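Summary of the model geometry
The primary structure of each chain is shown beneath.
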Amino acid sequence: MSLRIQSFEEYQANYKNSVENPEQFWGEIAETFFWQKKWDNVLDWNFNEPSIEWFKGGQLNITENLLDRHLPERANQVAFYWEPNDIHAEGKSITYQELHNEVCKFSNGLKELGIEKGDRVCIYMPMVLESVVAILACARVGAVHSIIFAGFSAHALADRVDDAKAKLVITADGLNRGTKKVDLKSMVDEGIKNCPSIENVIILNCIDSQPTMQEGRDIDYYQLINGQSTMFQAEKMEAEDMLFILYTSGSTGKPKGVVHTCGGYMVYTSYSFENVFQYNEGDVFWCTADIGWITGHSYIVYGPLLSGATSVIFEGIPTFPDAGRFWQVCEKYKVNQFYTAPTAIRALMSHGTDIVNEYDLSSLKVIGSVGEPINEEAWNWYYENIGKSKCPVVDTWWQTETGGIMLSGLGDLSPMNPTHAGYPLPGIQPVLLDSKGNEITENEKEGYLCMKFPWPSILRTTYGDHERCKNTYFSNYDGYYFTGDGAKRNKNGMYRIIGRVDDVINVSGHRFGTAEIECAINTNKFVIESAVVGYPHDIKGQGIYAYVVIDIENEEDYAIIQSSIIDSVSNEIGRIAKPDKIQIVTGLPKTRSGKIMRRILRKIAEGEKANFGDTSTLLDPNVVDSIVENSI
Ligand code: PRX
């Protein structure tokens, strides 16, 4: 059975059925996969605990579904084309059979290192085929992977390694990024020196930097796998065994490890991939995300492979060697479905259309957007200049926690409306709640976006801290999963995402908690305290604005201090989280009980000079005038 819906009417019928008979609906879809043992129950759930179990009693290995299952028909079909950063370097490709063999060899290597089912393995790697092999080998042996975006700092890496108590890190000597080479190995050395759980580090040679290898700990990637057998009996996993942990930021505290499990994640990523992108046999799909984010997990690795697709993996960046690179890659591989982020679209838009028109984009059938709201101007530019006004734009709304796309059009089947993510996928039951937790039934009224029923790839817990999962997602509104986003619904039932309603900022589609950035800033020796807010940014969607109180009075030193603060954030989190603006202030607007009134700071960051509403509870209202006067 193909998982693909073929008309809007069919979508409507499926949607209705998925709400009325969810167990039957998902049971039938799950039947299309290979299970070593069939499940006893399709779904057991309780959002209060929360406890969510899909396909309980079922046993499977996801890699048998995305490799072995396809071999009779697809052994020689390309699974991935790999396009290197350097436009003149030779690309590579890997077929399903070759990928199977490499994954088995790596799995044997992992076993040799003593990696067992349930062990945690951190992957800190570039966008190369070997990264996919490493990910899938973890899944094949039953180890839990935790991929850490290679733009995170040594410190951020250490936090995640420590939280997961990982035994192994898989990394590379470095990575290529435009004209730069980034050293990963020394970052790992630095990061894990205080992580006692780590027993080994596997290093892939990507930039020929000949790093120093630590005897007894470090192993070369190919030395480990060369000569290994190309067969490996996949570990038997329970449907609800952990598949991976992926750390993501929230309003409070350190990033938390979102946990996804084997069975439900498999069913939903494949189902959503085929339907949203209307992927057809023989098509070439390209998702430009990094494998370090959930988009890369679900729509570079798992979804496309589960569906037997051919995809592109790109090592580089959209503007190297010039702003035509994405379009050059689309032309080269005759990409049919292209999936990227609004921030990339806006950045490329600023280079004009001449460079786009140098390339033949006629292979494109569906173009997608993910990660942040897409503004109307960017939507129109994308639709007209990339999709040539014939390709539907699928504006896909989802989250690390949802595992797969939740709200979106389905290729060219669904009506489109710029800036509206659109309709829920079958099985997804969104609601908008008011601040009292009542469901909003009127159209065009903003509310808190929640889900009232589980779907197969919903997060199960946050690693090592179930209470945190409950408090973050299931306690704001009893009986609902709370997304943290505000949204509206139009008269046709399409959803429009307004943005986060919590202290999370979305910078170029990357999620950061304001508290997390403040903590990083506060590690700076000159800083007494700080407050961070988001503000509208033309390219990044949101920029980071930091208000900082320091213990130096001499204004001549401010520039040095600002750059030292940027270094602190780069060290603690990574350069991706560095503030765009740092304003040195004499004090922060606090209430008498000591709470920072971020509402005011947000308005100032947006350029507001007056009208801050009720400021009577402020300890010192004069602080506001001084901040406004010196705002950037
Ligand atoms: O605010 C929403 C925004 O990104 C958040 C999730 O971030 P993350 O877990 O990093 O996952 C990003 C990729 C799936 C959401 O809470 N977001 C994501 N997609 C959209 C979006 N906002 C508006 N429109 C979207 N299409």
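All of these numbers come straight from a predicted model, not from anything done at the bench.

**Some details on the domain arrangement of the chain**
Domain boundaries in the chain define domain 1 (64-235) and domain 2 (504-629). Between domain 1 and domain 2, the C-alpha centre-to-centre distance is 38 Å. The partner domain 2 presents seven residues to the six residues of domain 1 that form the contact. Interface of domain 1 and domain 2: buried area, both sides summed, is about 480 Å²; carbon and sulfur atoms make up 54% of it.

**Some details on unusual backbone geometry**
A cis amide bond links Glu49 to the next residue, Pro50, at an omega of -20 degrees. Take Pro50: it is sitting in the loop between β1 (41-46) and β2 (51-56). Residue Pro321 follows Phe320 across a cis peptide bond; omega there is 0 degrees. Along the chain, Pro321 turns up in the loop between β17 (310-314) and α12 (325-333). A positive phi is found at Gln278, a non-glycine position, where the angle reads about 50 degrees. As for its position among the elements, Gln278 is in the loop between α10 (262-276) and β16 (284-287). With relative accessibility at 7%, the residue Gln278 sits in the buried group. With a phi angle near 60 degrees, Glu444 is a residue other than glycine that sits in the positive phi range. The topology assignment puts Glu444 in the loop between β21 (430-433) and β22 (447-451).

**Quick notes on the pattern of salt bridges**
Applying the stated criterion across every chain, the model contains 30 salt bridges. The residue Asp189 makes a salt bridge to Arg217 at a minimum N-O spacing of 2.6 Å. In this pair, Asp189 is assigned in helix α8 (residues 185-192) and Arg217 in the loop between β11 (200-204) and β12 (218-220), connecting sequence segments 28 residues apart. Residue class for Asp189 comes out partly exposed when judged on its relative accessible area of 27%.

**Considering the sheet that holds strand β25 (residues 495-500)**
Sheet architecture is open: four strands sit in the order β21-β22-β24-β25, paired in antiparallel fashion. Edge positions in the sheet fall to β21 and β25, since each has one partner strand and no second. Ignoring strand direction, the axes of neighbouring strands in this sheet form an average angle of 45 degrees. Where β21 lies against β22, four bridges are found, and the strand directions are antiparallel. Along β22, the bridge assignment pairs Leu432 with Leu449.

**A short note on the pairing of strand β9 (residues 174-177)**
One ladder, built from four bridges, connects β9 with strand β10 (residues 180-183); its direction is antiparallel. Within the sheet, the bridge partner assigned to Gly174 lies in β10 and is Asp183. What sits between β9 and β10 in their antiparallel hairpin is a turn of two residues, with Gly178 showing a positive phi close to 60 degrees.

**A few points about the packing of helix α2 (residues 22-30) against α10**
In contact at an axis separation of 10 Å, α2 and α10 are set at 85 degrees when each is read in the N-to-C sense. As summarised for this structure, α2 and α10 are arranged roughly perpendicular, according to the angle between their axes. Here Phe25, Trp26, Ile29 and Ala30 of α2 come into contact with α10, specifically with Val267, Tyr268 and Tyr271. By residue class, the composition of the contact of α2 with α10 is seven nonpolar, no polar and no charged.

Calculation notes
- Residues numbered from 1 in each chain as written.
- Predicted model: local features only at pLDDT ≥ 70, side-chain atom pairs only at ≥ 80, totals over all residues.
- Heavy atoms only, no water.
- Domains from an automatic or database assignment.
- Contact = heavy atoms within 4.5 Å.
- Buried area = accessible area lost by both parts, 1.4 Å probe.
- Helix = DSSP H or I, 4+ residues; strand = E, 2+ residues; numbered from the N terminus.
- Buried < 20%, exposed > 50% of the residue type's maximum accessible area, 1.4 Å probe, protein only.
- Salt bridge = Lys/Arg side-chain N within 4 Å of Asp/Glu carboxyl O.
- Pairing = 2+ DSSP bridges.
- Axes fitted to C-alpha atoms, helices over the stretch in contact; angles between N-to-C directions.
- Parallel < 35°, antiparallel > 145°, perpendicular 65-115°, else oblique.
- Nonpolar A, V, L, I, M, F, W, Y, C, P; charged D, E, K, R; others polar.

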